[in-house]
Amino acid sequence: MPVTVPSAPTPPLHGLAGTAAPTQADWTIPQQWTAYTAAEHATWRLLFERQTRLLPGRACDAFLDGMQQLPLAPDQIPDFEQLSDVLSARTGWQVVAVPGLIPDDVFFDHLAHRRFPAGNFIRLPHQLDYLEEPDVFHDIFGHVPMLMNPVMADFIQAYGEAGARAQQRGCLPQLARVYWYTVEFGLVEQADGLRLYGAGIASSHTESRFCLESPSPHHVRFDLARVMRTRYRIDDFQEIYFVLRDLDELLNLAAVDFSPFYDRATRAPELDPGELLPDDAVRQRGDSSYHRNRVGKAAV
C-alpha cells in the first residue's frame, strides 16, 4: 500500500491553523489571478492531469458531470469569477478567495449564504501528495464540481446554517464529523458500483485509489448518529468510509433537526476510526492491514 497521505485539510476542520487575519471581516481576499506564476500553473496542470486520468470509474457521475460543465482545464489555475458565473446560474453558489483555513463562524456564514471559501494559493511541487491547509486545487478541483449538483448545493448550505447552532450548543466536533465523512471523505452507491464524491478523496491521487481498492478500510452504511460519534484520521488515510445509498440521502440529512442527535452523540462513548459496531451495516469489513503498520497517527 502507498505510504503517502491524502491532500486534505488538517483540523480544526474550518479553524485558524495559524493563518493571519486579513483586513476584511469575512476573511475574503482578492484571488489575484494575474499574479500566478508559470510554475504555479504548471503545478495545477500536473495535479489536474493525473487526477482526471484517475477519476473515471472511481468518482461518482455527479462529480464527473460537474467537471465537464465548469470552466476547468489543465492549462491554468481557474479564475474564481468565471467559476462563480457558471455556479451561480446553476445552483446559486459563488467562489470567494480566502488565505487558507478560516474561523468556524466565518466559514459557516459563507456556506449559509452559498459562498464557497477557497484558498487562493497552490501547493509547492514537494507537497503534491500532502499539505496541511486546503489550497486552490483541493478547494476548486475537489469541492466545486459537486456544488454543480443541486442536492450537494442544498446540503452544504444547510450545513452552514447548522454550524452556528452547533457552536452555541458546544457540539461542533459532532457536526464536523458529518462534514468530514460526507463532503470530504464520502462514498456513494451507484448502479454501476461504489464511487467517491468527497473532496478530500477526489483531490488526492493516493486516497482516491485506497478508499475503493484497498482491503484495509471499512465501508459502512451511513448512519447519522453513528457518524457523529466517530473520530477521524487527520493526517493519513481514513480507516472507515461511510457509504450513502444515493446522493438524495443528503437532502434528507439537510432537513434533519440535529438536536436529538447531538444529545445522543454527546452521551454515548466516542468511537475510534477503525471500530466496528455489531449493528453496523458493513459493506466491506476491512482487514486494517494498512493502519496496523502505521503508528502514532492522530484522530479527532
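First, a word on what this report is: a plain description of the structure on this page. (Residues numbered from 1 in each chain as written. Predicted model: local features only at pLDDT ≥ 70, side-chain atom pairs only at ≥ 80, totals over all residues. Heavy atoms only, no water.)

## Here's the deal with the packing of helix α6 (residues 150-169) against helix α12 (residues 259-267)
Put simply, the rule is: Axis geometry follows a simple rule: fit a line to the C-alpha atoms, using only the stretch in contact for helices, then measure angles between N-to-C directions, giving values from 0 to 180 degrees. Numbering of helices and strands runs from the N terminus; a helix is a DSSP stretch of H or I covering at least four residues, while a strand is a stretch of E covering at least two. Angle categories: roughly parallel below 35 degrees, roughly antiparallel above 145, roughly perpendicular from 65 to 115, and oblique for all the rest. Two helices that cross are described as forming a left-handed crossing if the nearer one is turned anticlockwise from the farther one by less than a right angle, and a right-handed crossing if clockwise. Note on contacts: a residue pair qualifies if any of its non-hydrogen atoms lie within 4.5 Å across the two residues. Note on residue classes: Ala, Val, Leu, Ile, Met, Phe, Trp, Tyr, Cys and Pro are nonpolar, Asp, Glu, Lys and Arg are charged, and everything else, Gly too, is polar.
Remark: α6 packs on α12, axes separated minimally by 12 Å, with the N-to-C direction vectors making an angle of 40 degrees. Comparing the axis directions of α6 and α12 gives the class oblique. Read as a crossing pair, α6 and α12 show a hand that is right-handed. Contacts from Ala162, Ala166 and Arg169 of α6 reach α12 at Ser259, Tyr262 and Asp263. Across the contact of α6 with α12, the residue classes tally to three nonpolar, one polar and two charged.

## Observations regarding the sheet that holds strand β6 (residues 240-244)
Keep this limit in mind: Note on pairing: two strands pair once DSSP finds at least 2 bridges between them.
Spatially, five strands are ordered β4-β3-β6-β5-β7 in an open sheet, and the strand pairing comes out mixed. Of all the strands in the sheet, just β4 (193-196) and β7 (282-284) have a single pairing partner and so form its edges. Across the sheet, the mean angle from the axis of one strand to that of its neighbour is 35 degrees, orientation sign disregarded. Strand direction decides the pairing type here: strand β3 (residues 187-190) and β6, joined by two bridges, are parallel. Counted as the bridge partner of Val188 is Leu244 from β6.

## So, the pairing of β4
Bridge count for β3 against β4 is four bridges, and the pairing is antiparallel. When the bridges of β4 are listed, Leu187 appears paired with Leu196.

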